[in-house]
Amino acid sequence: MKMNNMRLSVLMLIIASCTDVNNSKNLAVSLHEKPLIEVQPQPRPLPNPYKNAYFGDLHVHTENSFDAYTFGTISTPADAYKYAQGHAIQHPSGYLIQLSKPLDFYAVTDHGIFMGLMKEAADTTSEFSKYEFTKPLHNLNESGGTGFFSLIKRNGLFRPFGENVREGLADGSIDGSLILEVGRTVWQKTIKAADDAYVPGSFTSFAAYEYTPSLDLYNNYLHRNVIFKDTKNLPAQLFTRNDSQDPEELWNWMNKLRSNGVESLAIPHNTNYSGGASFSLNDYNGGPIDEEYAKNRSLNEPLVEITQVKGTSETHPLISKNDEWAAFEAKTGVEAEKLVSNLKGGYVRDAYLRGLTLAERGLTNPFKFGLIGSSDSHVGGPSDSEEFFFSKVGLLDGTAELRGSIPFNRFYGTFLKVLRPNMLKEVDGKTYFSASDRLIQFAASGLAGVWAEENTREAIYDALRRKETFATSGPRMKVRFFAGYDLENSKLDDLSLIQDAYRSSIPMGGTLNISASKNPTFLVWAIADPVGAPLQRTQIIKGWLEDGEHKEKVFDIACSDGLSVDPETYRCPDNNAWVDLSNCSISADSGAREMKVFWQDPEFIKNQGAFYYSRVLENPVCRWSTWDSVRNGQKPRSDIPATIQERVWSSPIWFK
């Protein structure tokens, strides 16, 4: 079985080496039709007591992650922070990548496990490279490292590498102190890169890492990114799966650091890949959640990453059958997702409902978390648009052919039909590379948004901690979300609207006590990305318990183009926005640049615990796979969505 997998991987890499060159050149041109942005320093603005929206990415990998290094990534943490500030860096496939606009905050989150060790194995001057099992890695990403022989050497490297290291540590054949020293040294350099990049008032960089307890998809996939508030007195050694695969042990480690003045939070990601384990009603060892667990999780995990390259974890069509938009980037290409039993406990909305059940039983709600988006880029920086998507895993999906969005090379396709037909997929009479159906399901997502007084570590971190956060699928849409009992005394066009909202109501991430006599008023204020598509509709999603059963409902509360919500269906009429799939142009006369609305729940029940969050949708645009097709003169595949509706989610407001 191992030999078959090896042959399969080698064959994939042979093909990659044969198709990368021309496609990389074409993509390099298409990615940079405009001159590169010249980044200019900005004067530090004064703090705003009524908060500014800041955008960032809290999930980025560099050469120090064992998997990213085998994907050809040689970007350092310093490179990644430069990328976030608007500078161009090189993609492993050879072309330059650059954000359309600098970000406000950023965290390099390399895997804590084996941090920097893959690169150390590749360095033939290092002591660690002398172990026999490191030989396939020698000089892996040296000059010319994207060529044929280099790609051959990448055959399934990081998983056998990890197994060899773990076995060697267990039987004593590997010097554990050597590995610890590599990790400590790389971690100190990562901290320094964050400090060197930090410009208070202009750009915030956090020291961070990813806790990676499992490498298997749909098998207790419980990964978290740990974000430190500042860089003072940080631990010399990180907590990794070598210490424990139990998230409670991670939280206990964070608590110990906190007692010594080191503040941090952990952010779960890709709960959609957890097989229901992320928001299970049992702890890691199978026992029922108790109060100690609930408080520990609430303290250490105030946020969840709802969207990223590997998909969106809001909900799933099999769970939320009355939500017409539940399928958004929800398909993972993993066979296990066809079973509802693997979905519940893996999605955010279901977790919120589970939290209400636990609260009703008298426990602290462990699933009372806010929302962010991030990228999980493994090349040092994210794509920030559908049009210029370059995916996530470097050399392995750096071209449209390898992502499966345009037909595969005819000659090599004929070759594969004989030797490895399962690596190809026939769609619309054309042959596509399909070694992994997951690649075509990847998303050009996402970003984290916060409302903070200023762009500093203290202000951004405090916003994360209090959950005054929102998530976008990529575009820089902004959303404000408040609830209170005195908002009806304000007017939407009042200059003091936000000031009044902070004074008399609760912002996203907060909890509002139930009034025995009043129906609360919600304020949602959404603003489109200045260079993105117009907004189509504003929604509020409600979840509650009714006779112990989970209930949810989607309300459209504001429509674009002067349209009105149907009072019976709570839906906006179609605004007739269109997309031309031949060139990806969109309608110019539909949609709104801004939506601002007060709303009261027409089905509000007093003394009923509930949660509400806002979701705002753009007009449809071309999905990244369609952009790939258009650039290459091909028709989009019919088995994947040609268009999507980008969106922004607010953190919820809870009622108790």
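Right above here is the structure, for reference.
The following paragraphs examine the structure supplied in this document. (Residues numbered from 1 in each chain as written. Predicted model: local features only at pLDDT ≥ 70, side-chain atom pairs only at ≥ 80, totals over all residues. Heavy atoms only, no water.)

### A few points about the overall build of the protein chain
Here is step 1 of the chain: Scanning the protein chain for helices and strands turns up 16 helices and 28 strands.
Here is step 2 of the chain: Considering only contacts in the protein chain between residues 6 or more positions apart, those separated by 24 or more positions represent 76%.
Here is step 3 of the chain: Of the accessible surface of the protein chain, which amounts to about 26,000 Å², a share of 51% is contributed by carbon and sulfur atoms. (Helix = DSSP H or I, 4+ residues; strand = E, 2+ residues; numbered from the N terminus. Contact = heavy atoms within 4.5 Å. Areas by Shrake-Rupley, 256 points an atom, 1.4 Å probe, with all protein chains shown as cover.)

### Some remarks on the state of the cysteines
Here is step 1 of the chain: In this structure the tally under the stated criterion is two disulfides.
Here is step 2 of the chain: The residue that forms a disulfide with Cys559 is Cys572, at a sulfur-sulfur distance of 2.1 Å. Torsion about the S-S bond of the Cys559 and Cys572 cystine: about -90°, corresponding to left-handed handedness. Taken together, the positions of Cys559 in strand S20 (residues 549–559) and Cys572 in the loop between S20 and strand S21 (579–580) put the pair 13 residues apart, joining distant regions of the chain.
Here is step 3 of the chain: The class of Cys559 is buried, set by a relative accessible area of 15%.
Here is step 4 of the chain: A relative accessible area of 10% means that Cys572 is categorised as buried.
Here is step 5 of the chain: Between Cys584 and Cys622 runs a disulfide, and the two sulfur atoms are separated by 2.1 Å. (Disulfide = S-S within 2.5 Å. Buried < 20%, exposed > 50% of the residue type's maximum accessible area, 1.4 Å probe, protein only.)

### Some details on the sheet that holds strand S16 (residues 505–507)
Picture the strands of a sheet paired through backbone hydrogen bonds; they go either parallel or antiparallel.
Here is step 1 of the chain: The strand order across the open sheet formed by four strands is S16-S15-S18-S23, and the pairing between neighbours is antiparallel. The sheet is open, and its two borders are formed by S16 and strand S23 (594–599), each paired with just one other strand. For this sheet, the mean angle separating the axes of adjacent strands, direction not counted, is 15°. (Pairing = 2+ DSSP bridges. Axes fitted to C-alpha atoms, helices over the stretch in contact; angles between N-to-C directions.)

### Thoughts on the packing of aromatic side chains
Here is step 1 of the chain: Evaluated as defined, the whole model comprises 37 aromatic pairs.
Here is step 2 of the chain: Taking 6.0 Å as the distance between ring centres and 50° as the angle between the ring planes, the aromatic pair formed by Trp187 and Phe228 counts as tilted. Remark: Phe228 occurs in strand S6 (residues 224–228) and Trp187 occurs in helix H7 (residues 176–197); sequence separation between them is 41 residues. When sorted by exposure, Trp187 lands in the same class as Phe228, which is buried.
Here is step 3 of the chain: Ring geometry for Trp599 and Tyr612: centres 6.3 Å apart, planes at 65°, overall edge-to-face. Of this pair, Trp599 sits in strand S23 while Tyr612 sits in strand S24 (residues 610–618); the two residues are 13 residues apart in sequence, bridging distant segments of the chain. (Phe/Tyr/Trp six-rings, centres within 6.5 Å; stacked < 30°, edge-to-face > 60°.)

### Re unusual backbone geometry
Here is step 1 of the chain: Of note, the bond from Ser445 into Gly446 is cis; its omega dihedral lies within 30 degrees of zero at 0°.
Here is step 2 of the chain: Mapped onto the fold, Gly446 is located in the loop between helix H13 (438–441) and strand S13 (447–452).
Here is step 3 of the chain: With phi around 65°, Ser391 is a residue other than glycine that occupies positive phi space.
Here is step 4 of the chain: Positionally, Ser391 belongs in the loop between strand S10 (370–373) and helix H11 (400–403).
Here is step 5 of the chain: Of note, the phi angle at Asp547 is positive, near 55°, even though the residue is not glycine.

### Some points on the pattern of salt bridges
Here is step 1 of the chain: In total, this model carries 36 salt bridges according to the counting rule given.
Here is step 2 of the chain: The closest approach of N and O atoms between Asp556 and Arg537, which form a salt bridge, is 2.6 Å. Note that Asp556 is positioned in strand S20 and Arg537 in strand S19 (residues 535–546), a separation of 19 residues in sequence.
Here is step 3 of the chain: Given a relative accessible area of 2%, Asp556 falls into the buried group.
Here is step 4 of the chain: Given the relative accessible area of 7%, Arg537 is considered buried. (Salt bridge = Lys/Arg side-chain N within 4 Å of Asp/Glu carboxyl O.)

### Comments concerning the nonpolar core
Here is step 1 of the chain: Trp187, Tyr209, Phe228, Leu250, Trp253 and Phe369 are the most contacted members of the largest nonpolar core, which totals 77 residues.
Here is step 2 of the chain: Residues in contact with Leu250, not counting those within four places in the same chain, are Tyr209, Tyr211, Arg224, Val226, Phe239 and Ala266.
Here is step 3 of the chain: Counting 61 residues, the second-largest nonpolar core is a separate cluster that includes Phe55, Tyr95, Leu99 and Trp451. (Core = buried A, V, L, I, M, F, W, Y, C linked by side-chain atoms within 4.5 Å.)

### Here's the deal with the environment of Arg537
Here is step 1 of the chain: Along the chain, Arg537 and Pro573 lie 36 residues apart, while their C-alpha atoms are 9.7 Å from each other.
Here is step 2 of the chain: The residues touching Arg537, leaving out its near neighbours within four places in the chain, are Trp325, Asp556, Ala558, Cys572, Pro573, Met595, Arg615, Val616 and Leu617.

### Details of the pairing of strand S18 (residues 521–527)
Here is step 1 of the chain: Of all seven residues making up S18, six are buried, and the element is well covered by its neighbours.
Here is step 2 of the chain: As judged from the seven bridges shared by strand S15 (residues 478–484) and S18, these two strands associate in the antiparallel manner. Residue Phe482 lies in a different strand from S18, and its bridge partner there is Leu523.
Here is step 3 of the chain: Sheet topology places S18 next to S23; six bridges connect them, and they run antiparallel. Each bridged residue has a counterpart across the sheet, and for Trp525 the counterpart in S23 is Lys596.

### Remarks on H7
Here is step 1 of the chain: For H7, with 22 residues, the first-to-last C-alpha span of 32 Å sits near the 32 Å given by 1.5 Å per residue.
Here is step 2 of the chain: For H7, the set of buried residues is Leu178, Ile179, Val182, Val186, Trp187, Thr190, Ile191, Ala193, Ala194 and Ala197. (Expected span 1.5 Å × (residues − 1).)

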